[in-house]
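Geometric and topological summary
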Amino acid sequence: MNPTTRRAVLTGAAAAAAVSLTSARAGAQTPGRRFQPARHSQDAWFDTVPGKHRTFIDCASVASAGAGIVYANNLYVANAKGYQLKESDVAVVVCLRHFATVFAFNDAIWAKYGQALSDAVSFTDPRTKQAPTKNLLDDPGYSPIPSATISSVVKRGTQFAVCDMATTMLAGVVASATKGVQEAIYTEFVRNLIPNSHLAAAGVVAVNRAQEYGYTLLTAV
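The text that follows walks through the structure, step by step, so that each part is easy to find. (Residues numbered from 1 in each chain as written. Predicted model: local features only at pLDDT ≥ 70, side-chain atom pairs only at ≥ 80, totals over all residues. Heavy atoms only, no water.)

**Regarding the side chain of Ser118**
Within the secondary structure layout, Ser118 lies in helix H3 (residues 107-121). The residues touching Ser118, leaving out its near neighbours within four places in the chain, are Trp110, Phe123, Thr124, Ala131 and Pro132. (Helix = DSSP H or I, 4+ residues; strand = E, 2+ residues; numbered from the N terminus. Contact = heavy atoms within 4.5 Å.)

Structure follows, in structure tokens:
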């Protein structure tokens, strides 16, 4: 091979290597596509709650349900005091799932099925030691903060995600205890949910969907 030909071959090889290296680096530096969750009509209500800040409070036990209502109250109070925000600036969703689901039903359900619900989640009114005959989370005398009740946070704009799986399960438990029909009791439950309630396929699914809609997760304990 003469010198001219050799130089041409080496020059071409070097250029090819440079192109290959540049392409590899470019590929390595190209960011992957950002994950975008799918949207479903069942979850569209998450975007209808007004507010500049979004919080989703997850409640899965009897005790955490009460704490969740207090947390919701505190979000409004603290944002008003510390940031001069209006209640409409704060989007709050309280999720009632698992054993906390019993508090998604209004006084009419507790008056009729209080004993069965009490037995189902091992919860009694600490003042009477008896099964409640009303939803105690809507009773100012029961809450450690009288202003933190279901009705009070509803007036401020709080929404509720209610676990449908737990609602169905509780309907079955109550049906067994009262010799009723599960489907009929489930229908009663759904017709007597507390205000601003949205049935979710499951509470754990609502936890996932809320975060995909930009809500910060706050776990009540």
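Next comes the rest of the account.
**Overview of the pattern of salt bridges**
The final tally for this structure, using the stated rule, is nine salt bridges. Ionic pairing is found between Glu87 and Arg156, a salt bridge with its closest N-O pair at 3.2 Å. Taken together, the residues span a long stretch of sequence, with Glu87 in the loop between helix H2 (62-83) and strand E2 (90-96) and Arg156 in helix H4 (residues 150-156) at a distance of 69 residues. As a salt-bridge pair, Glu188 and Lys112 come within 3.0 Å of each other at their nearest N and O atoms. Note that Glu188 is positioned in helix H6 (residues 182-191) and Lys112 in helix H3, a separation of 76 residues in sequence. Among the charged side chains, a salt-bridge network with shared partners connects Asp125, Arg127, Lys134 and Asp139. (Salt bridge = Lys/Arg side-chain N within 4 Å of Asp/Glu carboxyl O.)

**Considering the packing of aromatic side chains**
Per the counting criterion, the structure on display carries nine aromatic pairs. Judged by centre distance (4.1 Å) and plane angle (25°), the rings of Trp45 and Phe46 are stacked. Neither Trp45 nor Phe46 differs from the other in exposure class; each is buried. Of the aromatic side chains, those joined through ring pairs into one cluster are Trp45, Phe46, Phe56, Tyr213 and Tyr215. In this structure, Arg39 packs its charged tip against the face of Tyr213, placed 3.9 Å from the ring centre. (Phe/Tyr/Trp six-rings, centres within 6.5 Å; stacked < 30°, edge-to-face > 60°. Buried < 20%, exposed > 50% of the residue type's maximum accessible area, 1.4 Å probe, protein only. Lys NZ or Arg CZ within 6 Å of the ring centre and 35° of its normal.)

**With respect to the nonpolar core**
Leu96, Leu117, Phe160 and Phe189 are the most contacted members of the largest nonpolar core, which totals 43 residues. Contributions of two or more residues to this core are made by strand E1 (53-59), H2, E2, H3, H4, strand E3 (159-163), helix H5 (164-178) and H6. No other element matches the eight residues that H2 contributes to this core. Contacts of Phe160, omitting those with residues within four sequence positions, involve Trp45, Ile69, Val94, Leu96, Ile150, Val153, Val154, Ile194, Pro195, Asn196, Ser197 and His198. (Core = buried A, V, L, I, M, F, W, Y, C linked by side-chain atoms within 4.5 Å.)

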